[in-house]
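Here's the letter readout for the chains.
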Amino acid sequence: MIDRQKPQTLAEKVWADHIVRRGERTGGTQEPDLLYIDLHLLHEVTSPQAFEGLRLADRKLRRPDLTIATEDHNTPTLEIDKPIADPTSRTQIETLRRNCAEFGVRLHSLGDKEQGIVHVVGPQLGLTQPGMTVVCGDSHTSTHGAFGALAMGIGTSEVEHVMATQTLSLKPFKTMAINVEGTLKPGVTSKDIILAVIAKIGTGGGQGYVLEYRGSAIRALSMDARMTICNMSIEAGARAGMIAPDQTTYDYIEGRPHAPTGAEWDAAVEYWESLKTDDEASFDAEVHIDADELEPFVTWGTNPGQGVSLSGRVPAPEDFEDEGDQQSCERALKYMNLVAGTPMKEIPVDTVFLGSCTNSRMEDLRAAAEIIHGRKKADSVRMIVVPGSARVRLEAEAEGLDRVFKEFGAEWRFAGCSMCLGMNPDQLAPGERCASTSNRNFEGRQGKGGRTHLVSPLVAAATAIRGTLSSPSDLPPIATAAQAA
Amino acid sequence: MEKIIAHSGIGVPLPQNNIDTDQIIPAVYLKRVTRTGFEDALFAAWRRDENFVLNQEPYRNGSVLVAGPDFGTGSSREHAVWALKDYGFKAVISSRFADIFRGNAGKQGLVAAQVAQPDVELLWKELENHPGTEITVDLENRLVSCGAISVPFEIDDYTRWRLMEGLDDIGLTLQQESDIEAYERTRQGFKPKTLPART
């Protein structure tokens, strides 16, 4: 489709293949490029005002066949057959249902077996494919970049723009390579990679960039693990995060409901193969991470960049050079009720949340289940397990994972965003401390006054057993644990 | 959209880094289905503290927010911009904005003026020494002035032009409909469609 003569990065190739109209660069004014959007994902929170805008301007939704909606942010994860108790949540869900019916949008509602978190549903239906442009009124749309798609979170005005035109006006971005070479140690996951990346470049370090995760450690990851990394690109401030498609990607997509078949599959794979960053292409910035050196990572503060190795300690304000960082640290310690110097592993938690668009897929549930199987939950901890989609829940039940969680003493819930954000009944109480596999540890994110430590599913599982932030390597062998009990 | 050439209003100092969108508007306020009426939601958690800047005179009536770097990080919620606008803010000044927030602001007629951090600190000092001082954000000349201070700000050319003309993005794009149709004819056949639904 495009001139492949000039060396290009993956992101530049996908961008170039979607230009409807190139922005003019005359008179010192640079117009944005107009890009075509291949897939538009909708949910109940950021769409009502966009639908309303269409109605007010008497505009049509241009491509219902490139649009799909699901209910996730407001939905309860218990008693989903009953009406939603909170009237404002119910209104938002009912508004989505009315809007989708009116504009002909496919919707997977609560109770439907394809319902779930929007970023889990797209990939599992095979709708997310390499080289696509994917947008959604949700910042964690970056998740879909794991397939080599250019996937971006957008605001509601842009949602309306895509509904009306199937395009977006976008300013060109810069590219940053995140090179992760080496082999992860046992107990270290893709969640630890991305938390380490964010701690390294900061919550603003990716601003204006599309990140491309590269290197042997990335190639070795499954699609579920790649999605975890790309999901949190936004926490580094990046516009998007991408991973070049390869055989792992094709194997994941093949046979899914909306995957190409027959001759179209061959044509698709041939095109996908062309998307890799050219050897001679250069990035505007590069970051190197040594996978062999990584340890389980955990946050201590109130933004995702405030993290340390689990074997480390809570930092002190004076550990930071920048005055702004010192103030942020001081404020975070106060909010988190932590004392500088405390070993992270001595911090007790009240709740463990396994879920969210970051870590709620089969691999996440399997990894946690393997750790807790045959062990006992700490009495002081409640654990909530929320599959990312109704289909993940069904698959997990088919493997018996639900029984492992329930026997352990965890709550096995229905699919949704749940405790990742304080919009549905699953919330922390003020002062409650949570080890969470989600993506944001902002003040009040999981409920007013709640305190969040971001962790991997493995750390979440080990923490539920010991009651303090822990990694699987801190656990005694199962036989010993049984004798002690 | 209303045209903005320049705006003058009381400056509100908020010298804090990383003011994320969960602080600007907590998720619980995102349940509304309207586009207006979010003024009560702005900084809702912080406003419970009587010492918070917006609970004090003369800042209560401010319309130009001067914040620390990395303003608007986190969620894509455009509600953050709506809440700022509904409260009465016309401009936010910071040395660094999160990309999505900046984009949303431009689309809703809220000026996101990027000012170098040393200049932001000058503005904070001026507002601290003379509470209630007005700040002028002049899009035409890309200047922020406050008392005797006058400093440049950055905003991309296209957003500036759209703000000054008060242009609606969708209307602009629909003028290119023939380009969109032409592009659609070249799309690869293997690209997925959501309809008819397959599960």
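All values derive from a computational prediction rather than experimental measurement. (Residues numbered from 1 in each chain as written. Chains lettered and ligands numbered in written order. Predicted model: local features only at pLDDT ≥ 70, side-chain atom pairs only at ≥ 80, totals over all residues. Heavy atoms only, no water.)

Caption draft 1: Focus on the interface of chain B and chain A. Listed per partner, the contact involves 65 residues of chain B and 92 residues of chain A. Among the residues of chain B in contact with chain A, Lys31, Phe190 and Thr194 of chain B are the three that bury the most area, contributing 12% of the side total. The interface formed by chain B and chain A holds nine salt bridges in total. Of the charged contacts, one joins Arg59 of chain A and Asp168 of chain B as a salt bridge, the two residues approaching to 4.0 Å between their closest N and O atoms. Looking at the side of chain B that touches chain A, the elements that each hand over two or more residues are α1 (21–24), α3 (79–87), α4 (99–108), α6 (157–165), α7 (169–174) and α8 (177–186) of chain B. Looking at which element gives the most residues to the side of chain B that touches chain A, the answer is α8 of chain B, with seven residues. Considered class by class, the residues forming the side of chain B that touches chain A number 21 nonpolar, 20 polar and 24 charged. (Contact = heavy atoms within 4.5 Å. Buried area = accessible area lost by both parts, 1.4 Å probe. Salt bridge = Lys/Arg side-chain N within 4 Å of Asp/Glu carboxyl O. Helix = DSSP H or I, 4+ residues; strand = E, 2+ residues; numbered from the N terminus. Nonpolar A, V, L, I, M, F, W, Y, C, P; charged D, E, K, R; others polar.)

Caption draft 2: Seen up close, the nonpolar core. Among the nonpolar cores identified, the biggest contains 87 residues, and Phe405 of chain A together with Phe43, Phe71, Leu84 and Phe101 of chain B are the most heavily contacted of them. Not counting residues within four places of it along the chain, the set of residues in contact with Phe43 of chain B comprises Leu14, Ile19, Gln23, Ile24, Phe52, Leu54, Leu65 and Leu84 of chain B. Counting residues in hydrophobic clusters, the runner-up holds 79 residues, among them Phe147, Phe173, Leu221 and Ile229 of chain A. (Core = buried A, V, L, I, M, F, W, Y, C linked by side-chain atoms within 4.5 Å. Buried < 20%, exposed > 50% of the residue type's maximum accessible area, 1.4 Å probe, protein only.)

Caption draft 3: Representation of the sheet that holds strand β6 (residues 143–146) of chain B. Residues and elements named next belong to chain B. Taken together, the seven strands give an open sheet; going across it, the order is β4-β3-β2-β1-β5-β6-β7, and neighbouring strands pair in mixed fashion. Sheet topology places β4 (111–114) and β7 (149–152) at the edges, where each strand pairs with a single neighbour. Here the average twist between neighbouring strands, direction ignored, is 25 degrees. As paired strands, strand β1 (residues 6–14) and strand β5 (residues 134–138) are joined by five bridges and run antiparallel to one another. The residue bridging Ile10 from the neighbouring strand is Glu134, located in β5. (Pairing = 2+ DSSP bridges. Axes fitted to C-alpha atoms, helices over the stretch in contact; angles between N-to-C directions.)

Caption draft 4: The arrangement of the environment of Ile68 of chain A in detail. Examined against the element boundaries, Ile68 of chain A turns out to sit in strand β6 (residues 67–70). Taking relative accessible area as the criterion, Ile68 of chain A reaches 4% and is therefore assigned buried.

Caption draft 5: Fine view of the confidence of the model for chain B. Of the residues in chain B, 100% have a pLDDT of 70 or more, and the chain-wide mean is 95. The ipTM value of the predicted complex is 0.92, and its pTM value is 0.92. (pLDDT = per-residue confidence, 0-100.)

Caption draft 6: Seen up close, the pattern of salt bridges. All names here are of chain A. Under the defined criterion, the tally for this structure stands at 40 salt bridges over all chains. When the shortest N-O distance is used, the salt bridge between Lys345 and Asp474 registers 2.9 Å. Residue Lys345 is located in the loop between α11 (323–336) and β17 (351–354), and its partner Asp474 is located in the loop between α15 (457–466) and α16 (478–484); the two are separated by 129 residues in the primary sequence. Lys345 sits in the partly exposed class, given a relative accessible area of 25%.

Caption draft 7: Molecular detail of the packing of α3 of chain B against α4 of chain B. Residue and element names in this part refer to chain B. Axis separation between α3 and α4 bottoms out at 9 Å; the angle between their running directions is 50 degrees. Considering the angle they form, α3 stands oblique to α4. Between α3 and α4 the crossing geometry is right-handed. From α3, Ala80, Val81, Trp82, Leu84 and Lys85 reach across to α4, where they touch Phe101, Asn104, Ala105 and Gln108. (Parallel < 35°, antiparallel > 145°, perpendicular 65-115°, else oblique. Left-handed = near helix turned anticlockwise from the far one by under 90°.)

Caption draft 8: Region of the structure containing unusual backbone geometry. Residues and elements named next belong to chain B. Pro58 follows Glu57 through a cis peptide bond whose omega is 0 degrees. Relative to the helices and strands, Pro58 resides in the loop between α2 (44–47) and β2 (64–67). Cis geometry is adopted by the peptide bond preceding Pro196, which originates at Leu195 and carries an omega value of -5 degrees. Position of Pro196 relative to the elements: it lies in the segment after α8. With a phi close to 50 degrees, Arg142 is a non-glycine residue in the positive phi region. Tracing the sequence through the fold places Arg142 in the loop between β5 and β6. Residue classification places Arg142 among the partly exposed positions, given a relative accessible area of 23%.

Caption draft 9: Here's a closer look at the environment of Asp70 of chain B. With respect to the helices and strands, the residue Asp70 of chain B is situated in the loop between β2 and α3. What makes Asp70 of chain B buried here is its relative accessible area of 6%. Separated by 25 residues in sequence, Asp70 of chain B and Ser95 of chain B place their C-alpha atoms 7.4 Å apart. For Asp70 of chain B, the residues in contact, after removing those within four places along its chain, are Thr203, Gly204 and Gln207 of chain A together with Asn18, Ile19, Ser94 and Arg96 of chain B. A distance of 3.2 Å separates polar atoms of two side chains, one belonging to Asp70 of chain B and the other to Gln207 of chain A. (Polar contact = N/O pair within 3.5 Å; in protein donor to acceptor, adjacent residues only side chain to side chain.)

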